[in-house]
Amino acid sequence: MKAFPLYEGSYTVDASKKFVPFDPLTQDPLTRKGSVFVHIYPFLIETADELILLDTGLGQLNEDGELKLHVNIRKAGYDPSQVSKVIMSHLHSDHSLGLVIPDGNSFRPSFPDADIYIQKNELATALEDRPSSYPRRQVQFIIDHARIHLLDEDGSISPSIQYELSGGHSPYHQVIYVDSGSDYYFYGGDEMPESAAVIRNYIAKYDYDGRKSRDLRTGYFKRASEEGWKCLFYHDFTSRPIAGIGQNNDASYKLIIP
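A quick note: this is a predicted structure, and the numbers were derived from the prediction, not measured.

## Focus: the packing of aromatic side chains
Throughout the structure, instances matching the rule amount to 14 aromatic pairs. Between Phe4 and Tyr78, the ring centres sit 5.5 Å apart and the planes meet at 70°, which makes this aromatic pair edge-to-face. On the criterion of sequence distance, the pair formed by Phe4 in strand β1 (residues 2–5) and Tyr78 in the loop between α1 (68–75) and β7 (83–87) is long-range, its members being 74 residues apart. Members of the aromatic cluster, connected to one another through ring pairs, are Tyr177, Tyr184, Phe186, Tyr220 and Trp229. Above the face of the Tyr202 ring, Arg217 is positioned so that its terminal group lies 4.5 Å from the ring centre.

## Some points on the sheet that holds strand β18 (residues 253–256)
Spatially, 7 strands are ordered β12-β13-β14-β15-β16-β17-β18 in an open sheet, and the strand pairing comes out mixed. The open sheet has two edge strands, β12 (155–158) and β18, and neither has a second partner. Taken pair by pair, the neighbouring strands of this sheet meet at an average axis angle of 30°, ignoring direction. Both strand β13 (residues 161–165) and strand β14 (residues 174–179) contribute to a ladder of 5 bridges, which runs antiparallel. When the sheet's bridge partners are listed, Ile161 is paired in β14 with Val178.

## Thoughts on the pairing of β12
Working note: regular strand, side chains alternate between the two faces of the sheet. The pairing of β12 with β13 spans 3 bridges and is classified as antiparallel. Bridge pairing in β13 places Ser156 opposite Gln162.

## Topic: the nonpolar core
Ranked by size, the top nonpolar core spans 28 residues in total, and within it Leu44, Val83, Val86 and Leu91 carry the most contacts. Element by element, the count of residues in this core is highest for helix α4 (residues 136–145), at 3 residues. Every residue in contact with Leu91, bar those within four places of it in the chain, is listed here: Ser96, Leu99, Ile118, Glu122, Leu123, Ala126, Tyr134, Pro135 and Val139. Within the second largest apolar cluster, 25 residues are counted, among which are Tyr11, Val13, Leu54 and Tyr187.

## Here's the deal with α1
Those residues of α1 not exposed but buried are Leu69, His70, Val71, Asn72 and Ile73. At its buried positions, α1 is contacted by β5 (43–46), β6 (51–54), β7 and β8 (100–103).

## What about the side chain of His90?
Relative to the helices and strands, His90 is located in the loop between β7 and α2 (93–96). Note on His90: relative accessible area 0%, which makes it buried. A polar contact of 2.8 Å, which involves the side chain of His90, links it to the side chain of Ser89. Of the polar contacts made by the side chain of His90, one reaches the side chain of Asp190; its length is 3.5 Å. For His90, the residues in contact, after removing those within four places along its chain, are Asp55, His95, Glu122, His169, Ser170, His173 and Asp190.

Rules of the game
- Residues numbered from 1 in each chain as written.
- Predicted model: local features only at pLDDT ≥ 70, side-chain atom pairs only at ≥ 80, totals over all residues.
- Heavy atoms only, no water.
- Phe/Tyr/Trp six-rings, centres within 6.5 Å; stacked < 30°, edge-to-face > 60°.
- Helix = DSSP H or I, 4+ residues; strand = E, 2+ residues; numbered from the N terminus.
- Lys NZ or Arg CZ within 6 Å of the ring centre and 35° of its normal.
- Pairing = 2+ DSSP bridges.
- Axes fitted to C-alpha atoms, helices over the stretch in contact; angles between N-to-C directions.
- Core = buried A, V, L, I, M, F, W, Y, C linked by side-chain atoms within 4.5 Å.
- Buried < 20%, exposed > 50% of the residue type's maximum accessible area, 1.4 Å probe, protein only.
- Contact = heavy atoms within 4.5 Å.
- Polar contact = N/O pair within 3.5 Å; in protein donor to acceptor, adjacent residues only side chain to side chain.

This is how it looks when you write it as structure tokens:
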């Protein structure tokens, strides 16, 4: 089993929740005070018999009008049509806009042959008629034009894929476990978004329940160190989006870089 980070870009996000492209090598962060800086890494996992995509990014297009996510899947050595399952941690715009490709005044499904897995109450929340972080129009389109599977709390998608309702970052956020028998990947979505949290756990203001997210991470760190998980960090700042977690002599945690 192999996992591939599909780097979509770096962005700043301010109170307007607009994602503005940002190049940390050429631009000064001080020019965008009050902004949060994020990287975006959807993940592709190749198992023995299928190709799984974990979240879909912002849906950015390159200069040729191609979905960057598709381009990155090809760079990893696969064709987007080979993706058989798309599993969503939650449906905030920076995780879900890549489900569709703009097409005139409408859209096309980015993965028309894949099965898409979403927590049912997360989907209901995304469709509520109120200002939010969810792209309601795109979500409604994908409901109407793709094979959606609604998940309820905790369970299994296949013998090697488990999901767990976590509810820290958004009320119906879920985390994903993929187990090949020899490799074990954990995807915490926005409840374990960056490797820096391993060194300094924190309460984030952008979480629905920041204390719950912090406490969940503490449990994930412990299990990852004891069970040898490889963790996938969707918003990692260090360009190390895949890492294991170990424990120091003082019971603090450390990153184990492959």
